[in-house]
Amino acid sequence: MLEEMRLAYLLVFLLCAVTLFLGLGYRGLVSRKHSLCLSLAGIVLAGAAFLAAVLPGNHVYGATVAELPAQEKVVALTFDDGPNPVYTEKILAVLAEEKVPATFFVLGEQARKHPALVRKTAAQGHEIGNHSDRHGDVMRMSQAELAGDIARANKAIEQATGSRPRYFRPPHGFRDPMVLAEAERQGLTLVNWSVICRDWLNPGVDVLVDRVQQAVAPGAIILLHDGDGLKQTAPREQTVEATRIIIRTLKAQGYRFVTLSEALEQQK
Ligand SMILES: [Zn+2]
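Each chain carries its own residue numbering, running from 1 in the direction its sequence is written. Two thresholds apply to this predicted model, a pLDDT of at least 70 for residue-level local features and 80 or more for giving and counting side-chain atom pairs, whereas whole-chain, interface and lining totals are computed over all residues. Based on all heavy atoms of the structure, the side-chain values leave hydrogens and waters out of the count.

## Observations concerning the coordination of the zinc ion
Argument step 1. Every protein donor of the zinc ion is accounted for by Asp 81 (OD), His 131 (NE2) and His 135 (NE2), and the metal-donor separations fall at 2.1 Å.
Argument step 2. Only nitrogen, oxygen and sulfur atoms within 2.8 Å of the metal, or 3.2 Å for Na, K and Ca, are treated as donors, and water is left out, so sites may look incomplete. Ordering the donors of the zinc ion by residue number gives the pattern D-x49-H-x3-H. Placement of the pair is Asp 81 in the loop between strand 1 (74–80) and helix 3 (87–98) and His 131 in the loop between strand 3 (127–130) and helix 6 (143–161), with a sequence separation of 50 residues. Across the pair, His 131 and Asp 81 agree in class, each one buried. What counts as a helix is a DSSP run of H or I of at least four residues, what counts as a strand is a run of E of at least two, and both are numbered from the N terminus. Burial classes follow relative accessibility: with a 1.4 Å probe on protein chains only, a residue under 20% of its type's maximum area counts as buried, one over 50% as exposed, and anything between as partly exposed.

## Considering the domain arrangement of the protein chain
Argument step 1. Delimitation of the domains relies on an automatic or database domain assignment. The domain boundaries assigned to the protein chain delineate domain 1 (2–54) and domain 2 (74–267).
Argument step 2. For domain 1 versus domain 2, the separation of C-alpha centres amounts to 37 Å.
Argument step 3. Whether two residues are in contact is decided by their heavy atoms, any of which lying within 4.5 Å being enough. The interface is formed by nine residues belonging to domain 1 together with 14 residues belonging to domain 2.
Argument step 4. Carbon and sulfur atoms supply 44% of the area buried between domain 1 and domain 2, which totals about 910 Å² over both sides.
Argument step 5. Salt bridges are identified by distance alone: a Lys or Arg side-chain nitrogen within 4 Å of an Asp or Glu carboxyl oxygen. Here domain 1 and domain 2 share one salt bridge between them.
Argument step 6. The partner of Arg 6 in a salt bridge is Asp 176, with the nearest N and O atoms 3.1 Å apart.
Argument step 7. Think of a polar contact as two N or O atoms within 3.5 Å of one another; within protein, one of them needs to be a possible hydrogen donor and the other a possible acceptor, and neighboring residues in sequence only count if both atoms come from side chains. Applying the counting criterion to the domain 1 and domain 2 interface returns seven residue pairs in polar contact (both at pLDDT 80 or more). Defined here as a combined quantity, buried area equals the accessible surface (1.4 Å probe) lost by two parts on assembly, summed across both.

## Section: the pairing of strand 1
Argument step 1. Strand 1 sits mainly inside the fold: seven of its seven residues count as buried.
Argument step 2. Here strand 1 shows a buried face lined by Val 74, Ala 76, Thr 78 and Asp 80 and a second buried face lined by Val 75, Leu 77 and Phe 79.
Argument step 3. Pairing geometry for strand 1 and strand 8 (residues 256–257), over two bridges, is parallel. Its bridge partner lying in strand 8, Val 75 is registered against Phe 257.
Argument step 4. Only strands joined by at least two bridges in the DSSP assignment are considered to pair. Judged from the six bridges that link them, strand 1 and strand 7 (residues 220–225) form a sheet pairing that is parallel. When the bridges of strand 7 are listed, Phe 79 appears paired with Leu 224.
Argument step 5. Of the pairings in the sheet, the one linking strand 1 to strand 2 (residues 103–106) comprises three bridges and is parallel in character. Residue Thr 78 lies in a different strand from strand 2, and its bridge partner there is Thr 103.
Argument step 6. For the crossover from strand 1 across helix 3 to strand 2, the handedness is right-handed. With the strands pointing away from the viewer, any crossover whose connection runs clockwise from the first strand over the helix to the second is right-handed.

## Section: the pairing of strand 3
Argument step 1. Of the two faces of strand 3, the one lined by Glu 127 and Gly 129 and the one lined by Ile 128 and Asn 130 are each fully buried.
Argument step 2. Pairing of strand 2 with strand 3 involves four bridges; the strand directions are parallel. Paired with Phe 104 across the two strands is Ile 128, which belongs to strand 3.

## Quick look at the side chain of Asp 176
Argument step 1. Tracing the backbone through its elements, the reader meets Asp 176 in the loop between strand 4 (167–168) and helix 7 (177–185).
Argument step 2. Take Asp 176: its relative accessible area is 0%, and that puts it in the buried class.
Argument step 3. What Asp 176 contacts, discounting residues up to four positions off in sequence, is Met 5, Arg 6, Leu 7, Tyr 61 and Met 139.

See the structure below:
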């Protein structure tokens, strides 16, 4: 029952509780001090419940992978929102030149449009993860919608590559108990990130490289984008160029690049 809990229900419940406490205090049925304290506690709990859903690396609603077990200097590059015929190809070329693997969290709809590109990505030794079917808001879907969305993306990936994905990254990394439970039911581990570059804002290649440098540590999972939701119109040239420099810089610092499976399956 708790597994099916939605963040929205919890927030509505807490909002009702805050209103009730304020009402009781206003009518003098509880002391004003108690009324204010209980209301404040409700507001703080609601804020914490919201943050638990949107911050990428906490386990409040269930196990979320945000970094790799770091017995050695390994990092995982992850690219979301593809496949994109222009930028996925360019990133694949950089990864081939540098001879490093990465993980691509693809959208089911994009995978159905470009199955050959997903197949090629997997054939080059990269891992394919599920990033939902259409980059929808998983926090607002009913259980049936959520189950269907994740399953459609799984199927698109399996049809393109011949194998089922192991990892799910919800759009924006948002999750609540139902999202985590549904991912698990479909055999997927939820994976977010520990290093965010905000490459979708195109702040400049130097800024992207610097953000990785500031946050990287053994076991880091780095979030980048080869696509752009379902629109697929945003430029990703900076991401392509930054990827090359990030790889060379981290290699020079003794880091080794791994796919998620390589690092996480070893652990089991
Ligand atoms: Zn995304």
